[in-house]
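Commentary on secondary and tertiary structure
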Amino acid sequence: MSEYLPGLAGVPATKSNISDIDGEKGILAYRGYSIEELALESTFEETTLLLLDGELPTAAALAEFDQEVRHNRKVKYQIRDLMKTLPARGHPMEMLQTAIASLGMFYPGNECLTGSDICEDLNYVHNMTVKIIARMGTIVAMWEHIRNGYDPVTPRDDLTYAENYLYMLIGREPDPELARILDLCLVLHAEHTINASTFAVLVTASTLSSPYSVIAAAIGTLAGPLHGGANEKVVEMLREVGSPSNAAAYIDKRLANKEVIWGMGHREYKTKDPRAKILESEVNKLVETRGEVNPLFETAKAVEKVCEDRLGAKGVYPNVDFYSGVLYLEMGIPVDQFTCLFAVSRAAGWLAHWREQLGDNRIFRPTQVYTGGSNRKYVPIEQRG
Ligand code: COA
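Residues numbered from 1 in each chain as written. Predicted model: local features only at pLDDT ≥ 70, side-chain atom pairs only at ≥ 80, totals over all residues. Heavy atoms only, no water.

**Let's talk about the domain arrangement of the protein chain**
Along its sequence, the protein chain is carved into domain 1 (19-223 + 346-359) and domain 2 (230-330). Each of domain 1 and domain 2 was reduced to a C-alpha centroid, and the two centroids are 27 Å apart. Across the domain 1 to domain 2 interface the summed buried area is about 1600 Å²; carbon plus sulfur atoms make up 66%. Looking at the side of domain 1 facing domain 2, the largest losses of area belong to Leu188, His189 and His192, adding up to 27% of the total buried there. There are one salt bridge connecting domain 1 and domain 2. As a salt-bridge pair, arginine 180 and glutamate 282 come within 2.7 Å of each other at their nearest N and O atoms. The tally of links between domain 1 and domain 2 comes to five residue pairs in polar contact (both at pLDDT 80 or more). Looking at the side of domain 1 that touches domain 2, the elements with two or more residues in it are strand E2 (27-30), helix H1 (35-41) and helix H8 (176-188). A total of seven residues in the side of domain 1 that touches domain 2 trace back to one element, the largest contributor, which is H8. Here the side of domain 1 that touches domain 2 is composed, by residue class, of 11 nonpolar, five polar and five charged. (Domains from an automatic or database assignment. Buried area = accessible area lost by both parts, 1.4 Å probe. Salt bridge = Lys/Arg side-chain N within 4 Å of Asp/Glu carboxyl O. Polar contact = N/O pair within 3.5 Å; in protein donor to acceptor, adjacent residues only side chain to side chain. Helix = DSSP H or I, 4+ residues; strand = E, 2+ residues; numbered from the N terminus. Nonpolar A, V, L, I, M, F, W, Y, C, P; charged D, E, K, R; others polar.)

**Considering the pairing of E2**
The pairing of strand E1 (residues 19-22) with E2 spans four bridges and is classified as antiparallel. Paired with isoleucine 21 across the two strands is leucine 28, which belongs to E2. The turn linking E1 back onto E2 is made up of four residues, and glycine 26 within it adopts a positive phi angle of 75°. Where E2 lies against strand E3 (residues 33-34), two bridges are found, and the strand directions are antiparallel. Residue alanine 29 lies in a different strand from E3, and its bridge partner there is serine 34. If you look at the hairpin formed by E2 and E3, you'll find two residues sitting between the two strands, and arginine 31 has a positive phi there, around 50°. (Pairing = 2+ DSSP bridges.)

**Details of the sheet that holds E2**
Taken together, the three strands give an open sheet; going across it, the order is E1-E2-E3, and neighbouring strands pair in antiparallel fashion. The strands lining the two open edges of the sheet, one partner per strand, are E1 and E3.

**Concerning the environment of alanine 179**
Note on placement: alanine 179 falls in helix H8. A relative accessible area of 6% places alanine 179 in the buried class. C-alpha separation for the pair alanine 179 and glycine 242, spaced 63 residues apart in sequence, amounts to 29 Å. Once you skip the residues sitting within four places of it in the chain, alanine 179 turns out to touch Ala162, Glu163 and Leu166. (Buried < 20%, exposed > 50% of the residue type's maximum accessible area, 1.4 Å probe, protein only. Contact = heavy atoms within 4.5 Å.)

**Topic: the packing of aromatic side chains**
Under the counting rule described, the total for this entry stands at six aromatic pairs. Ring centres 5.8 Å apart and planes at 90° place the aromatic pair phenylalanine 199 and phenylalanine 364 in the edge-to-face group. You can see phenylalanine 199 sitting in helix H9 (residues 196-206) and its partner phenylalanine 364 sitting in the segment after helix H16 (338-359), a full 165 residues away along the chain. Taking the centre distance of 5.9 Å and the plane angle of 75° together, the rings of phenylalanine 297 and tyrosine 323 count as edge-to-face. Here phenylalanine 297, found in helix H14 (residues 295-311), pairs with tyrosine 323, found in helix H15 (residues 320-330); they are 26 residues apart in sequence, far enough to count as distant. (Phe/Tyr/Trp six-rings, centres within 6.5 Å; stacked < 30°, edge-to-face > 60°.)

**Side note on the pattern of salt bridges**
This model, assessed by the stated rule, comprises 20 salt bridges. Close ionic contact of glutamate 236 with lysine 233 constitutes a salt bridge, the shortest N to O distance being 3.5 Å. One end of the pair, glutamate 236, and the other, lysine 233, are both in helix H11 (residues 230-241), three residues apart, so they sit about a helical turn from each other. Between glutamate 304 and lysine 272 there is a salt bridge whose closest N-O contact spans 2.9 Å. Of this pair, glutamate 304 sits in helix H14 while lysine 272 sits in the loop between helix H12 (247-256) and helix H13 (274-290), placing them 32 residues apart in sequence. The pair formed by glutamate 304 and lysine 272 is uniform in burial state, with each residue classed as buried. Residues joined by salt bridges that share partners form a network here, namely Glu177, Arg180, Glu282 and Lys285.

**A word on the packing of helix H10 (residues 211-222) against H16**
With their axes 10 Å apart at the nearest point, H10 and H16 run at an angle of 135° to one another. Judged by the inter-axis angle, H10 sits oblique to H16. When the axes of H10 and H16 are compared, the crossing they make is right-handed. Counting all contacts with H10, which are made through Pro211, Val214, Ile215, Ala218, Ile219 and Leu222, the residues of H16 involved are Thr339, Phe342, Ala343, Trp350, Leu351 and Trp354. Of the residues in the contact of H10 with H16, the class split is 11 nonpolar, one polar and no charged. (Axes fitted to C-alpha atoms, helices over the stretch in contact; angles between N-to-C directions. Parallel < 35°, antiparallel > 145°, perpendicular 65-115°, else oblique. Left-handed = near helix turned anticlockwise from the far one by under 90°.)

Here you go:
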């Protein structure tokens, strides 16, 4: 029997050529391109195509894909009406999971996925990929209006992905600098090897379920606070800390109570997450441009310093979620939409893994170490003590 490793730590779950992490050096690359270079040079649309196809697209291929995504932004009125029936106080990640799963009822066709080595209908795979990527951002932005009792803003096809999300969220022309930052955030969150939600993608995809079920499973997995939900928790925690001068006492108390510090630590990274460095520098730039002091950002930096001292020896440093919430808040995005934005972006990586899994599929069926009893005799209920 092979050794049981809790959380499958260090156990390869698949072979993949989509992204790679060097956790000791703090390096992340998509298809061999460093995250720093993509953050600087690429856009969410281009990065998505890179993740899906494996190559940087030509100008013509990018324009074609971009047009397809723009033309698929609208959702059917039934989805909008379904969203209107959901409780306004419910978490937007549950709304997103529901809406995406429901889309599958409108776009059937997964019977073309045969489970053979090569996915037989690349058109289906491509069309569903475009539909999901295009609609994720729309649905998240729509929710902000629906939950406040208004009709959603209609998406526009003359805007980039990031611009359209901001336009739909606030209902007016987006600020170009905020659109640039959001685009960069979408690039940074688009893919991250076999994390919990991507593993959920592989497992669901391996049964030949529809891509809507695949992405709904991934959204549910991302929502947890140990995964994508941490960005919301970080902001909650920083508000509790209150000011930089409280950081040491707050962290020490949490650690003494054996509570995790949100936004810190990672299974793969033993140093600061490269995405956290980029996000921190973006908050810095935005705050400086506005000529303000952002108390939450000051508190975050103080918390990072204390954590470096208390947890650095364990290899626990800021992960992607530590500064993303502070940045989104500064951009005016509602706190409970942070994880949704993570999902909007990660849909690109999830769908690349869906496609990769279909290309060489075998159903996931791990084993277990049984720790229960055996040969027990059934006792009728009236004889049980
Ligand atoms: N706060 C305090 N201690 C932490 C920590 C954190 N955020 N993350 C890890 N550690 C400590 C663990 O307690 C453990 O200490 P020990 O060796 O004394 O028992 C050690 O560091 C190793 O951590 P481990 O629990 O093995 O890490 P993991 O790989 O199982 O878990 C996370 C990884 C991400 C779930 C974990 O770091 C965490 O809970 N982080 C906070 C949630 C978060 O930000 N999630 C977003 C991830 S992108």
